[in-house]
Amino acid sequence: MPTPFPGMDPYLEKWIWEEVHTRLIVALADFLTPKIGPKYRVGIEKRTYFQIEFKQSKTEDLLGLPDLVIAKPKSLHEVMDAPYTVLPIVGRLPTQEEIHEKRERYLEIREVATNQVITALELLSPSNKRHGEGRDRYEAKRSEILASEAHFIEIDLIRAGDVLPVGIPADAVGDYRILISRAPQRPRTNVYAFKLRQPIPSFPVPLLQEDPEPIVPLNQLVHELYDRAGYDMAIDYNQPLDPPLSSEDAAWAESLINKKHPEGL
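Residues numbered from 1 in each chain as written. Predicted model: local features only at pLDDT ≥ 70, side-chain atom pairs only at ≥ 80, totals over all residues. Heavy atoms only, no water.

A. Structural view of the overall build of the protein chain. Per the secondary structure count, the protein chain includes eight helices and ten strands. In the protein chain, which comprises 265 residues, the proportion classed as buried is 41%. Within the protein chain, contacts between residues at least 6 apart in sequence are counted, and of these 68% link residues at least 24 apart. Within the structure as shown, the protein chain displays about 15300 Å² of accessible surface, and the carbon and sulfur contribution to it stands at 54%. (Helix = DSSP H or I, 4+ residues; strand = E, 2+ residues; numbered from the N terminus. Buried < 20%, exposed > 50% of the residue type's maximum accessible area, 1.4 Å probe, protein only. Contact = heavy atoms within 4.5 Å. Areas by Shrake-Rupley, 256 points an atom, 1.4 Å probe, with all protein chains shown as cover.)

Given below as structure tokens:
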């Protein structure tokens, strides 16, 4: 069953974005390869980092505990009779530590003859927009690309998190963005900003100057992916979104969902 939304389905972000990210990266590579070969090839690259999360016990609030506790004896007499003159300090360790290996995939378009990276394409994940190691690493990689001679494409289909700098007025950033940065035109860039109610715009992929730019029908690719993967069976449209929609968009989304899913919200 197709998604009920004309453009991006915001429930994909909440439920299964990591899977959507991987599938969409592959779909973009599969679409571009016959369009730009044999002069260029599309490589699926991987960026890996570790994310550490501390989880407190369900029965204790670690925020309410001091970092160190000095054990006080019951009496001075007990201290004098004790075999040790230095009292132990009772510390507190996290009850659980989880280390997650995060893998983020992106595309590099290379000229076959020289193996030179001509265009880098990034599809953002929530970790790229939340302040922390994921965003820090992504911003460092972003700056490295923008300082190179490669073109840069950044696709942001995530509403959550802080928008990465795109150099347009705050009231124009929309819900989603596609950034096309052609190397010779920097620092100027083209930003396709669009709202939840709009179809995802198609965008050009810059290559070497003498070659035509293929147009990617991203809305079509996302909708085909949704239908092919059966995401209507994986998404619970009765659950609230985070971040929540505006009251107007929520009412609009509910009407669309009820048309596709008679059980409704």
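Here the narrative resumes.
B. Representation of the packing of helix α2 (residues 17-36) against helix α6 (residues 218-229) within the structure. Running from amino to carboxyl end, α2 crosses α6 at an angle of 125 degrees, the nearest separation of the two axes being 10 Å. The pairing of α2 with α6 is recorded here as oblique in orientation. By crossing handedness, the relation of α2 to α6 is classed as right-handed. Contacts between α2 and α6 involve Val20, Arg23, Leu24, Ala27, Leu28 and Phe31 from the former and Leu218, Leu221, Val222, Leu225 and Ala229 from the latter. A class-by-class count of the residues in the contact of α2 with α6 yields ten nonpolar, no polar and one charged. (Axes fitted to C-alpha atoms, helices over the stretch in contact; angles between N-to-C directions. Parallel < 35°, antiparallel > 145°, perpendicular 65-115°, else oblique. Left-handed = near helix turned anticlockwise from the far one by under 90°. Nonpolar A, V, L, I, M, F, W, Y, C, P; charged D, E, K, R; others polar.)

C. Structural detail: the confidence of the model for the protein chain. On average, residues of the protein chain carry a pLDDT of 85, and 78% of them reach 70 or more. Counting interchain partners and residues more than four positions distant, the pLDDT-below-50 stretch residues 54-73 has 26 contacts. (pLDDT = per-residue confidence, 0-100.)

D. Geometry of the nonpolar core. The biggest cluster of nonpolar side chains holds 50 residues, and the ones touching the most others in it are Phe5, Leu24, Leu28, Ile155, Leu157, Phe203 and Leu218. The residues touching Phe203, leaving out its near neighbours within four places in the chain, are Leu28, Leu121, Ile153, Ile155, Ile178, Ile180, Pro214, Ile215, Val216 and Leu218. Judged by nonpolar contacts, the second largest core, of eight residues, contains Ala120, Tyr138, Leu164 and Leu179. (Core = buried A, V, L, I, M, F, W, Y, C linked by side-chain atoms within 4.5 Å.)

E. Looking closely at α2. Helix length check: α2, at 20 residues, gives a terminal C-alpha distance of 28 Å against a target of 28 Å (1.5 Å per residue), a fit within 8%. Here α2 has its buried residues at Trp17, Val20, His21, Leu24, Ile25, Ala27, Leu28, Ala29, Phe31, Leu32 and Ile36. (Expected span 1.5 Å × (residues − 1).)

F. Structural view of the pattern of salt bridges. Under the counting rule described, the total for this entry stands at eleven salt bridges. Between Asp156 and Lys129 there is a salt bridge, with the nearest N and O atoms lying 3.0 Å from each other. Placement of Asp156 in strand β6 (residues 151-156) and of Lys129 in helix α4 (residues 126-129) is noted, with a sequence separation of 27 residues between them. Between Arg135 and Glu139 there is a salt bridge, and its shortest N-O distance comes to 3.2 Å. Of this pair, Arg135 and Glu139 both sit in helix α5 (residues 133-146), four residues apart, which is roughly one turn of the helix. Residue Arg135 is classed as buried on the basis of its relative accessible area, which comes to 5%. Assessed through its relative accessible area of 29%, Glu139 is described here as partly exposed. A single network of salt bridges, built from pairs that share partners, joins Lys39, Glu210 and Asp211. (Salt bridge = Lys/Arg side-chain N within 4 Å of Asp/Glu carboxyl O.)

G. Representation of the pairing of strand β7 (residues 176-181) in the model. Burial runs high along β7: six of the six residues are buried. Where burial is concerned, the two faces of β7 agree: the one with Tyr176, Ile178 and Ile180 and the one with Arg177, Leu179 and Ser181 are both buried. Taken together, the five bridges between β6 and β7 define a ladder with antiparallel strand orientation. Within β7, the residue paired with Asp156 across the bridge is Arg177. Pairing analysis gives five bridges linking β7 to strand β8 (residues 190-194), with the strands arranged antiparallel. Residue pairing across strands places Ile180 opposite Asn190, the latter belonging to β8. (Pairing = 2+ DSSP bridges.)

H. Structural context of unusual backbone geometry. Omega for the peptide link from Gly37 to Pro38 comes to 0 degrees, which places this bond in the cis form. Relative to the helices and strands, Pro38 is located in the loop between α2 and β1 (40-55). The omega torsion across Asp242 and Pro243 is 5 degrees, close enough to zero to call that bond cis. Its place among the elements puts Pro243 in the loop between α7 (231-234) and α8 (247-260).

I. How the structure looks around α6. Taking 1.5 Å per residue, twelve residues should reach 16 Å; α6 reaches 16 Å between its end C-alpha atoms and fits that length. When we look at burial in α6, the residues that qualify are Leu218, Asn219, Leu221, Val222, Leu225 and Tyr226. Summarising the axial view, the buried residues of α6 lie within an arc of 165 degrees, below the 170-degree limit, and thus occupy one face. Positive backbone phi, approximately 65 degrees, marks Gly230, located one or two places after α6. (Arc of directions from axis to C-beta.)

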